[in-house]
Amino acid sequence: MWDIKYRPLTFGDVLGQEGSVQLLKVRLSKGTALDTNYIFSGGFGQGKTTIARILARALLCLNLDKANPEPCNECDNCTGIL
């Protein structure tokens, strides 16, 4: 399962989805990420599940920095999702 083993762990690692990543990072920094619904669409291999998993970790991360909203991947919530 190559796609799971080598899945990006932060928004900065995601390639080809700069618009979606920027939108989510702005919403996370303002604290309004849960004010709306998100639909991830696209073809096979375009990063829908990857971005959704990173967003879930960012929303639940205990050490999220509002200036650079990336999940820490070290707290209990992040490691539980990983």
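Residues numbered from 1 in each chain as written. Predicted model: local features only at pLDDT ≥ 70, side-chain atom pairs only at ≥ 80, totals over all residues. Heavy atoms only, no water.

Asker: What's the story with unusual backbone geometry in this structure? I'm lost.
Answerer: Note: most residues except glycine have negative phi, and most peptide bonds are trans. The phi angle at N73 is positive, at roughly 60°, despite the residue not being glycine. Secondary-structure assignment places N73 in the loop between α3 (48–60) and α4 (76–81). Classification of N73 as buried rests on a relative accessible area of 17%. (Helix = DSSP H or I, 4+ residues; strand = E, 2+ residues; numbered from the N terminus. Buried < 20%, exposed > 50% of the residue type's maximum accessible area, 1.4 Å probe, protein only.)

Asker: I tried to follow α3 on my own but got confused; where do I start?
Answerer: Because each turn of an α-helix spans 3.6 residues, side chains separated by three or four positions in sequence point in the same direction. With 13 residues, α3 extends 19 Å from end C-alpha to end C-alpha; this agrees with the ideal 18 Å at 1.5 Å per step. For α3, the complete set of buried residues consists of T50, I51, I54, L55, R57 and A58. Looking down the long axis of α3, one finds its buried residues gathered within 165° of arc, a one-sided arrangement. The inward-facing, buried residues of α3 abut α2 (18–30) and α4. (Expected span 1.5 Å × (residues − 1). Arc of directions from axis to C-beta. Contact = heavy atoms within 4.5 Å.)

Asker: For this particular structure, what's the right way to read the confidence of the model for the protein?
Answerer: The predicted coordinates should not be examined in detail at positions where pLDDT is low. When pLDDT is averaged along the protein, the result is 87; 94% of the residues meet or exceed 70. The element-level mean pLDDT for the protein is lowest in helix α1 (residues 2–5), coming to 58, with α3 highest at 92. (pLDDT = per-residue confidence, 0-100.)

Asker: Would you take a moment to explain the environment of N68 for this structure?
Answerer: Of note, N68 is situated in the loop between α3 and α4. What makes N68 partly exposed here is its relative accessible area of 41%. Once the C-alpha coordinates of N68 and G80 are considered, the two residues, 12 residues apart in sequence, prove to be 22 Å apart. Within the local environment of N68, its side chain forms a polar contact with the side chain of K25, the two groups lying 3.5 Å apart. (Polar contact = N/O pair within 3.5 Å; in protein donor to acceptor, adjacent residues only side chain to side chain.)

Asker: What is the right way to read the nonpolar core from this model?
Answerer: Considering soluble globular proteins, one finds that nonpolar side chains tend to be buried as a cluster. Of all hydrophobic cores here, the largest spans 10 residues; its members are F11, V14, V21, L24, L28, A33, I51, I54, L55 and A58. For this core, the secondary structure elements donating two or more residues are α2 and α3. It is α3 that contributes the most residues to this core, four residues altogether. (Core = buried A, V, L, I, M, F, W, Y, C linked by side-chain atoms within 4.5 Å.)

Asker: Hey, could you run me through the pattern of salt bridges in this one?
Answerer: Two side chains bearing opposite charge may form a pair once their charged atoms approach each other closely. Per the stated rule, a full pass over the model turns up one salt bridge. Put simply, E70 and K25 hold a salt bridge, and the shortest N to O gap is 3.3 Å. With E70 in the loop between α3 and α4 and K25 in helix α2, this residue pair connects regions lying 45 residues apart in the sequence. The two residues E70 and K25 agree in class, both being buried. (Salt bridge = Lys/Arg side-chain N within 4 Å of Asp/Glu carboxyl O.)

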